[in-house]
Amino acid sequence: MPLLIVIAAILLLVVLVAWWRLNTFLSFLIVSLLMGLALHMNVADITQSIQTGIGKTLGSLIVVIVFGSMLGKLVAESGAGQKIAGGLMNLFGPRYVQWSLMLTGFIVGIPLFYNIGFVLMVPLIFTVASRTKLPVVYLGIPMLASLSVTHGYLPPHPSPTALIQQFHANMGLTLLYGFMVAVPAIILAGPVFSRFLKHYTNPPGQMFVAPPIPEEQLPGMFVSLFAALLPVFLLAVTALMKLWIPEGTFLFRLASWLGDPLIVMLLAVLNGMYLLGLRRGMPPKKVMVVMDDAVRDVAVIILVIGGSGALTQLLHDSKVSSYIAATLQNMHLHPLVLAWGIAAIIRVCIGSATVAGLTTAGIVAPMIAASGVNANLMVLATGAGSLMFSHVNDAGFWMFKEYFNLTVKDTIKTWSVMETIVSITGLIGCLILSLFV
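Predicted, not measured: the structure shown is a model, and the values here were computed from it.

### A word on the overall build of the protein chain
In step 1: The helix and strand inventory of the protein chain stands at 20 helices and zero strands.
In step 2: Expected size for 437 residues packed as a compact globule is a radius of gyration near 22 Å; at 21 Å, the protein chain falls within 12% of this value.
In step 3: Projected onto its principal axes, the C-alpha coordinates of the protein chain cover approximately 65 × 55 × 45 Å.
In step 4: When burial is assessed residue by residue, the protein chain has 59% of its 437 residues classed as buried.
In step 5: For the protein chain, long-range pairs separated by at least 24 residues make up 80% of all intrachain contacts whose partners lie at least 6 apart in sequence.
In step 6: In the protein chain, 21 positive and 14 negative side-chain charges are present, and the distance between their average locations comes to 8 Å.

Dropping the structure here:
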């Protein structure tokens, strides 16, 4: 019976979010209340669980998410993303222009939230298409595959960061394993898949073409790369240091401090404010406006994550998560496949990768310790499942359709298939890595 109640709660969440278009945060709260009542919890205990879940989830995440948004906004506003794209295209040349766009999307997508990265990168795709006379869909899919993978797999994006906390994984190791899984997923969904898309020659929607920043106003390549990738560098280096340095030493403590996500993102934002803003003559007031805009950009995401935390806490406090974990273990499915499958089903039903990942976390987290599966790979498998088959209930689907001026049918054949390739390849990569780690 508890399992049926949870299934009914998830279905109700799907109806409220996907069909009735109710605010996602409100939907989470309503579903949490009703699920608690159905599980015979006291009203006072239900409200306490909701408050605890929101506070516990956001307590360690909100700083990372807000700082990540600030850094992404600085990269976008300063023209650093445009500089990285132009430099890589010059490096690869016209023959490998897809690969340069793919790599640009990957580099810029790590610090940028997906919607910001999408809006920033699409005008660059249109600019390259006009120069090379190649179809925009053919050029755009590799870059957008990169953005999608970084959004679903890699911290400091909201869903992976929250999953790392709930699964008690290591952020640095998740990032390293994520690179191993992400590269083949992006290549297959990007340059390989887009070979079949050259016949989509629709001109892009002109209302979305934004004028590029003049070249002389862009920051330098080294500055752009250093500002955008500092979080990745700090997380990767400190994770490797902790693997080789004995515990208890000064260097180990230093690596632990520098590798803390809060410290990483704080240093990255301060560095970005200086290198991309103040050092280039941007008035301090303008820098602060960029910071404020960044917070507004992620306000809704923060509420969604808080709502998912409430649902997760109710699953825990009602003991139903332990029951579900025991039930799922009897299904004899590999935990990575199970996490991927649940996330994929929720994603297809609801449309939000973030909601799919975080809802799945509350269901499968209790079985990680019992199964012995690598928690870092569980983060990646859940993230991969949360990207499965984006369609008409996903905002990204409609953004792609409108920007690239496609029909719904053609958007499914291009965008939805790309997302499916990314998702399935991610699962396969996680299963292969599980043989070695």
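There's more to say after this.
### Points about the pattern of salt bridges
In step 1: This structure, assessed with the given rule, holds four salt bridges.
In step 2: In this structure, the salt-bridge partner of E215 is K83, at a minimum N-O distance of 3.0 Å. Of this pair, E215 sits in the loop between α9 (171-194) and α10 (221-244) while K83 sits in helix α4 (residues 80-92); the two residues are 132 residues apart in sequence, bridging distant segments of the chain.
In step 3: According to the relative accessible area criterion, E215 is exposed, its value standing at 51%.
In step 4: Note that E419 and R347 form a salt bridge whose closest N and O atoms lie 3.0 Å from each other. Here E419, found in helix α20 (residues 408-433), pairs with R347, found in helix α15 (residues 335-350); they are 72 residues apart in sequence, far enough to count as distant.
In step 5: Since its relative accessible area comes to 3%, R347 is described here as buried.
In step 6: Among the charged side chains, a salt-bridge network with shared partners connects R347, D394 and E419.

### Considering the environment of G259
In step 1: With respect to the secondary-structure elements, G259 resides in the loop between α11 (250-258) and α12 (261-277).
In step 2: Along the sequence, G259 and L197 sit 62 residues apart, while their C-alpha atoms lie 42 Å from each other.

### Overview of the packing of α15 against helix α18 (residues 375-385)
In step 1: Look at α15 against α18: their axes get within 7 Å of each other, and the N-to-C directions meet at 30°. Relative to α18, the element α15 lies roughly parallel. With respect to the hand of their crossing, α15 and α18 are arranged in right-handed fashion. Each of P335, L336, A339, W340, A343, A344 and R347 in α15 lies in contact with α18, whose residues at this interface are L377, M378, A381, T382, A384 and G385.

### Describing helix α2 (residues 24-38)
In step 1: Across its 15 residues, α2 extends 21 Å between first and last C-alpha, which sits within 8% of the 21 Å expected from 1.5 Å per residue.
In step 2: Restricting attention to buried positions, one finds in α2 the residues T24, F25, S27, F28, V31, S32, M35 and G36. All buried residues of α2 project into a common sector of 155° when viewed along the axis, lining one side.
In step 3: Two or three places before F25, at the start of α2, stands the capping residue N23, its side-chain oxygen 2.9 Å from that residue's backbone nitrogen.
In step 4: Count one or two residues on from α2 and you reach H40, which has phi positive near 65°.

### Quick notes on a nonpolar patch on the surface
In step 1: A cluster of nonpolar side chains, W19, W20, L22, L26, I30, L34, L37 and V43, forms an exposed patch at the surface whose accessible area comes to about 850 Å².
In step 2: Tracing the chain through its elements places L34 in helix α2.
In step 3: By relative accessible area, which is 44% here, L34 ends up partly exposed.

### Points about the packing of aromatic side chains
In step 1: Summed over all chains, the structure comprises four aromatic pairs.
In step 2: Clustering of aromatic rings is evident, with ring pairs tying together F400, F404 and W415.

### Regarding the environment of N330
In step 1: Take N330: it is sitting in the loop between α14 (320-329) and α15.
In step 2: When the C-alpha atoms of N330 and L3 are compared, they prove to be 14 Å apart, with 327 residues separating the residues in sequence.

### Some words on the packing of α10 against α11
In step 1: Between α10 and α11, the least distance of the axes is 9 Å, while the angle of their chain directions is 150°. By the angle class used here, α10 and α11 are roughly antiparallel. Of the two elements, α10 crosses α11, and the hand of that crossing is left-handed. For the pair formed by α10 and α11, the contact residues are L234, T238, M241 and K242 on the first element and L251, F252, A255, S256 and L258 on the second.
In step 2: Classifying every residue of the contact of α10 with α11 by side-chain character gives six nonpolar, two polar and one charged.

### Focus on unusual backbone geometry
In step 1: Non-glycine residue R21 carries a positive phi angle of around 60°.
In step 2: As for its placement among the helices and strands, R21 is situated in the loop between α1 (2-19) and α2.
In step 3: For R21, a relative accessible area of 58% translates into the label exposed.
In step 4: Phi is positive for N405, close to 55°, though the residue is something other than glycine.

Criteria and cut-off values
- Residues numbered from 1 in each chain as written.
- Predicted model: local features only at pLDDT ≥ 70, side-chain atom pairs only at ≥ 80, totals over all residues.
- Heavy atoms only, no water.
- Helix = DSSP H or I, 4+ residues; strand = E, 2+ residues; numbered from the N terminus.
- Rg over C-alpha atoms; globule rule 2.2 N^0.38 Å.
- Buried < 20%, exposed > 50% of the residue type's maximum accessible area, 1.4 Å probe, protein only.
- Contact = heavy atoms within 4.5 Å.
- Lys, Arg positive; Asp, Glu negative; His and termini not counted.
- Charge placed at Lys NZ, Arg CZ, Asp CG, Glu CD.
- Salt bridge = Lys/Arg side-chain N within 4 Å of Asp/Glu carboxyl O.
- Axes fitted to C-alpha atoms, helices over the stretch in contact; angles between N-to-C directions.
- Parallel < 35°, antiparallel > 145°, perpendicular 65-115°, else oblique.
- Left-handed = near helix turned anticlockwise from the far one by under 90°.
- Expected span 1.5 Å × (residues − 1).
- Arc of directions from axis to C-beta.
- Polar contact = N/O pair within 3.5 Å; in protein donor to acceptor, adjacent residues only side chain to side chain.
- Patch = residues over 30% accessible without salt bridge, like charges linked within 9 Å, V, L, I, M, F, W, Y side chains within 5 Å.
- Areas by Shrake-Rupley, 256 points an atom, 1.4 Å probe, with all protein chains shown as cover.
- Phe/Tyr/Trp six-rings, centres within 6.5 Å; stacked < 30°, edge-to-face > 60°.
- Nonpolar A, V, L, I, M, F, W, Y, C, P; charged D, E, K, R; others polar.

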